[in-house]
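# Residue-level structure breakdown
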Amino acid sequence: MISSAEKFMRHAIALSDENIDKGGGPFGAVIVKDGKIIASAANSVTLTNDPTAHAEINAIRLAAKSLGTFDLSGCEIYTSCEPCPMCLGAIYWARIDKIYYANTKTDASQINFDDAFIYEEIMKPIDQRRKPFVQILRNEAIKVFQKWQQKEDKIPY
């Protein structure tokens, strides 16, 4: 008997496979809540010229829109590949409860989707990263944070 997890993962894998034929990357993702698919998407980076249009990000956007909330607590994500750092961050921000994945980041690196350098960069102090980080106008920007902190009717996220 096929488990629900296997059924949802097969759907994500099928999306990744079909996406290759459409000109996109080999990645698919499905978001499930209460045993039902609420969003599914494939990678559309090259199709939309959007470097953030990974399958997981696309699925999160669709799920949030479908549920009418940015909080995807109670949801699970099934992704055809272990999430990259950007997608992993988005999954945490969305508060998705559980991550199922098929291919590993090592598998991805073997077909030239290697994000190891990003993981390495994140661990470095800012002044040792490959890209320059230049802090300016903090005294002005901090006032906005102070305004946010004092706002009584804010919606925390």
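In what follows, the accompanying structure is described. (Residues numbered from 1 in each chain as written. Predicted model: local features only at pLDDT ≥ 70, side-chain atom pairs only at ≥ 80, totals over all residues. Heavy atoms only, no water.)

### Here's the deal with the pairing of strand E4 (residues 98–103)
The pairing of strand E3 (residues 75–81) with E4 spans 5 bridges and is classified as parallel. Each bridged residue has a counterpart across the sheet, and for Cys81 the counterpart in E4 is Asn103. Each parallel crossover has a hand, and for E3 linked through helix H4 (residues 85–94) to E4 it is right-handed. (Pairing = 2+ DSSP bridges. Helix = DSSP H or I, 4+ residues; strand = E, 2+ residues; numbered from the N terminus. Right-handed = clockwise from strand over helix to strand, strands pointing away.)

### Description of the nonpolar core
Ranked by size, the top nonpolar core spans 21 residues in total, and within it Ile31, Ile60, Leu72, Ile77 and Ile96 carry the most contacts. When contributions to this core are tallied by element, the ones reaching two or more residues are strand E1 (28–33), strand E2 (36–42), helix H3 (55–67), E3 and H4. Of all the elements, H3 adds the most residues to this core, at 5 residues. For Ile60, the residues in contact, after removing those within four places along its chain, are Ile31, Leu72, Ala90, Ile91, Ala94 and Ile96. Ranked by size, the runner-up nonpolar core spans 7 residues in total, among them Phe8, Met9, Ala12 and Val30. (Core = buried A, V, L, I, M, F, W, Y, C linked by side-chain atoms within 4.5 Å. Buried < 20%, exposed > 50% of the residue type's maximum accessible area, 1.4 Å probe, protein only. Contact = heavy atoms within 4.5 Å.)

### Overview of the side chain of Asn43
Summarising the element assignment, Asn43 is placed in the loop between E2 and helix H2 (45–48). Looking at Asn43, the relative accessible area reads 8%, which means it is buried. At a separation of 3.1 Å, a polar atom in the side chain of Asn43 contacts the main-chain amide nitrogen of Val45. Dropping the residues within four chain positions of it, Asn43 is found in contact with Asn19, Gly24, Gly25, Phe27, Ala53, His54, Ala55 and Asn58. (Polar contact = N/O pair within 3.5 Å; in protein donor to acceptor, adjacent residues only side chain to side chain.)

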